[in-house]
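Summary of structural features
Here is how the chains run, residue by residue.
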Amino acid sequence: MPVCNIIQAVNDALRIEMRRDPRVVVLGEDVGKFGGVFRATNGLFDEFGPDRVFDTPLAEAGIIGAAIGMALYGLRPVPEIQFADFIYPAFDQIVNELAKFRYRSGGQYTAPVVIRTPYGGGIRGGHYHSQSPEAYFVHTPGLKVVVPSNPYDAKGLLLSAMRGEDPVIFMEPKRVYRAARGEVPEGDYTVPLGSAKVVRQGAQVTVLCYGAMVHTVLEAADRVAGEGFDPEIVDLRTLLPLDTEAVLASVKKTGRAVIVHEAPKTCGYGAELSALIAEKALLHLEAPIARVTGFDTPFPYSLENEYLPSPERVAKAIRDTATF
Amino acid sequence: MLASARPQPDDSVFSLLDDDGRVVPGGRAPALSDADALRLFRGLLQVRLVDERMMRLQRQGRLGFYMLSMGEEATHFAVHALRPTDWVFPSYREPGAAFHRGYSLKDFVNQLFGNAEDPAKGRQMPVHHSARWLNLVSISSPVGTQIPQAVGMAWAARISKRDDVAVTYFGEGTSSTGEFHVGMNFAGVYKAPVIFICRNNGWAISTGKERQTASQGFAVKAQAYGFPGVRVDGNDLLAILAVMEDAVARARAGEGPTLIEAVTYRRGGHSSSDDPNVYRDPNEPKEWERRDPIERWKKYLVGRGLYSEAVEQQYRKEIGEEIAAALAHAEQVGPPAVETLFHDVFAEIPPHLEEQKEYLLSLPRPTNPHGGH
């Protein structure tokens, strides 16, 4: 099986789906001849031409608004928002329009648009090239939110997303775009949405994470394993719908939970996970739930490694929780 | 370029019918069969009569909310220039466009009541219709959101090598939104077969048109996006049909979008919750009464020898009976079933919503499931 990185996996998924389904079109800023600023759409313009791959004017609300109209017509648009930090000009189109078409029309209209967007810090991008806005979208009824951590999942989840009937926010962990490498089968396969994956079996404490943070958590786990700790790591992969069963099964097994994400703490996705565990597994808990997250500050430039959950911070949370 | 799409100086407004319904000398009137001319008259009357009835109902407390179109009815019938396979993205003040495409009074009234037979399942406030079987796209309250969507739809038709066109309606206040400019720009760049109909009715709730733009009217904005803009008398249905025919022909021929500014006047309030006497001179709407689009169309029919008092009375009677029947029916249909609250959020109900549904169903029902009236 060939080894590739996340960008190549995303590119592969797009190419497979565009070959399979003539309704699939790609649009966004610089996604055409240039192939996207991260090269995720590289080569698509050459293969599929100017009627399938569009460089749009520089306006996110237009990209998503137009994608909605295309989807209403029966196409399968896969718009790219160049950085998740730039998604807010399209916020109304996403939360009030895209997410609501099926509901507000009584099921008459659907807009199966898959919005790809690189997210997250660790690339010295400062406030406007580092954010993790997943909580806004998880909070919005009508959207599915997917965050892969590795090339295999990125390809399989993106293919699932593009074949689904619902709008999806597909957040790609740009810090590990190239660093996360792995074996990816050639050709077609899918990873279903709503299914988490235990990436490290353990008995002592459950660590819930997704996207780029999975790699930080794995590094932390290696450290604490040497000290005799035995964490179980769950890569959530899909934030909505959440694989509640997998989360609760692991927490009930270990009795302890650490939640890691790089978005700010207050009302971050970890708050929802904490509430879920408190509601459904309280009597299994042997320690308080711990959250290791970004701080409730804007995303900083110079101090980004202080802001981002580090392997050290995660390791400390695992130790503290395991020994509570 | 066709006559009506020619760039116009300053504040001139394209018009074909004078206030007495006569075609102005040299005016190039579009071909319109007798049957269509009468059908349009019936449609105009229906909007007026429905509005009057629904406003009364709202005042009686039998309907939660309503938005009327008094004085602007002619703009709704721009869709006459379309094929059934074309697409319409309305805003909340063009019920005539829906009626003209075949939306029944029964569906219309069921939607106002949000009952179990509302085609959109009681999901939105009154006047937010959706009729996919008529290529009439679901209406949103935030203004302008439909503009880039209509552009995307038209663009998709072009990509798909079909000659469908999309039309979107909005008020002059909406021309201040980002979505208006973004949509116009995308349409110009990709030559999307879309027609933008700006109903310049002078008022955005209480804010006059002079607070929406410093430019001379709204049609001129098209120039910056590289396609024609045309100002048409929005109370002159014949002129509206003429500019629409030109715009639709342009779009179908791959020549790109057109912005049509229909200059009209909102004689009523913004909605049933509004009181325009607070912010504007009550004489102002009266001045527009003499320019009433329905009266003008009636005079046009007289000129063509198509009008008779008997025909009008027949229409009024039929429409009145249809409204009464639709109301009688709608008021006895109950609200949608409780579990439908959870339907259509996604294609399939995910586990967390299934759980919330079971929880809600386990509770006693509120005595009045409706929040409002």
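Residues numbered from 1 in each chain as written. Chains lettered and ligands numbered in written order. Predicted model: local features only at pLDDT ≥ 70, side-chain atom pairs only at ≥ 80, totals over all residues. Heavy atoms only, no water.

**A closer look at the environment of I233(A)**
Residue and element names in this part refer to chain A. With respect to the element layout, I233 can be found in strand 11 (residues 231-235). On the basis of relative accessibility, which here comes to 0%, the residue I233 falls in the buried class. When the C-alpha positions of I233 and I259 are compared, they lie 10.0 Å apart, and in sequence the two are 26 residues distant. (Helix = DSSP H or I, 4+ residues; strand = E, 2+ residues; numbered from the N terminus. Buried < 20%, exposed > 50% of the residue type's maximum accessible area, 1.4 Å probe, protein only.)

**Describing empty space enclosed by the protein**
All names here are of chain B. Taken as a whole, this structure holds 2 cavities of 30 Å³ or more when the rule is applied. There is about 90 Å³ of room inside the largest cavity. Along the wall of the largest cavity there are 15 residues; nearest its centre are E94, P95, V127, H129 and I139. With 3 residues, helix 3 (residues 95-101) is the largest single contributor of residues to the lining of the largest cavity. Of the residues belonging to the lining of the largest cavity, the class tally is 11 nonpolar, 2 polar and 2 charged. Taken as a whole, the second largest cavity encloses approximately 50 Å³ of empty space. (1 Å grid on protein atoms, 1.4 Å probe; cavity = no way out; pocket = protein on both sides within 12 Å on 5 of 7 lines; lining within 4 Å. Points joined across faces, edges and corners; volume = space filled by probe spheres on them. Nonpolar A, V, L, I, M, F, W, Y, C, P; charged D, E, K, R; others polar.)

**A look at helix 1 (residues 34-59) of chain B**
Turn by turn, an α-helix covers 3.6 residues, leaving residues three or four places apart pointing in a common direction. Along its 26 residues, helix 1 of chain B runs 38 Å from first to last C-alpha, staying within 8% of the 38 Å computed at 1.5 Å per residue. Just past helix 1 of chain B, the residue G61(B) takes up positive phi, approximately 80°. (Expected span 1.5 Å × (residues − 1).)

**Comments concerning the pattern of salt bridges**
Scanning all chains against the criterion turns up 55 salt bridges over all chains. Measuring nitrogen to oxygen at the nearest pair gives 3.0 Å for the salt bridge that ties E97(A) to R104(A). For E97(A), a relative accessible area of 0% gives the class buried. Residue R104(A) is classed as buried on the basis of its relative accessible area of 6%. A salt bridge links E227(A) to R319(A); its shortest N-O distance comes to 2.6 Å. Separated by 92 residues along the polypeptide, E227(A) in the loop between helix 8 (213-225) and strand 11 and R319(A) in helix 12 (residues 311-322) bring together distant segments of the chain. Residue E227(A) is classed as partly exposed on the basis of its relative accessible area, which comes to 42%. Judged by relative accessible area, R319(A) falls into the partly exposed class, the value being 28%. Linked through salt bridges whose partners overlap, the residues forming this network are D19(B), D233(B), R290(B), R291(B) and R296(B). (Salt bridge = Lys/Arg side-chain N within 4 Å of Asp/Glu carboxyl O.)

**Things to note about helix 11 (residues 309-332) of chain B**
Residues and elements named next belong to chain B. Over its 24 residues, helix 11 runs 35 Å from end to end, which matches the ideal 34 Å to within 8%, given 1.5 Å per residue. For helix 11, every residue scored as buried is listed here: E312, Y315, I319, I323, A326, L327 and A330. Where helix 11 is buried, its residues meet helix 1, helix 4 (105-113) and helix 10 (293-303). (Contact = heavy atoms within 4.5 Å.)

**Here's the deal with the sheet that holds strand 10 (residues 205-209) of chain A**
Where strands meet in a sheet, backbone hydrogen bonds hold them as pairs that are either parallel or antiparallel. Residues and elements named next belong to chain A. Strand order in the open sheet made by the 5 strands is 9-11-10-13-14, with mixed pairing throughout. Unpaired on one side and paired on the other, strand 9 (197-200) and strand 14 (290-294) mark the two borders of the sheet. Across the sheet, the mean angle separating the axes of adjacent strands is 25° when strand polarity is ignored. Across 4 bridges, the pairing between strand 13 (residues 257-264) and strand 14 is parallel. (Pairing = 2+ DSSP bridges. Axes fitted to C-alpha atoms, helices over the stretch in contact; angles between N-to-C directions.)

**Brief notes about the side chain of H80(B)**
Tracing the backbone through its elements, the reader meets H80(B) in the loop between helix 2 (73-76) and strand 1 (87-89). Residue classification places H80(B) among the buried residues on the basis of a relative accessible area of 19%.

**A closer look at the domain arrangement of chain A**
All names here are of chain A. Taken domain by domain, chain A comprises domain 1 (3-183) and domain 2 (197-322). For domain 1 versus domain 2, the distance between C-alpha centres works out to 26 Å. With a closest N to O distance of 2.9 Å, R237 and D153 form a salt bridge. Where domain 1 meets domain 2, there are 15 residue pairs in polar contact (both at pLDDT 80 or more). Mapped by element, the contributors of at least two residues to the side of domain 1 that touches domain 2 are helix 6 (134-138), strand 6 (144-146) and helix 7 (151-163). Taken together, the residues of the side of domain 1 that touches domain 2 sort by class into 13 nonpolar, 9 polar and 5 charged. (Domains from an automatic or database assignment. Polar contact = N/O pair within 3.5 Å; in protein donor to acceptor, adjacent residues only side chain to side chain.)

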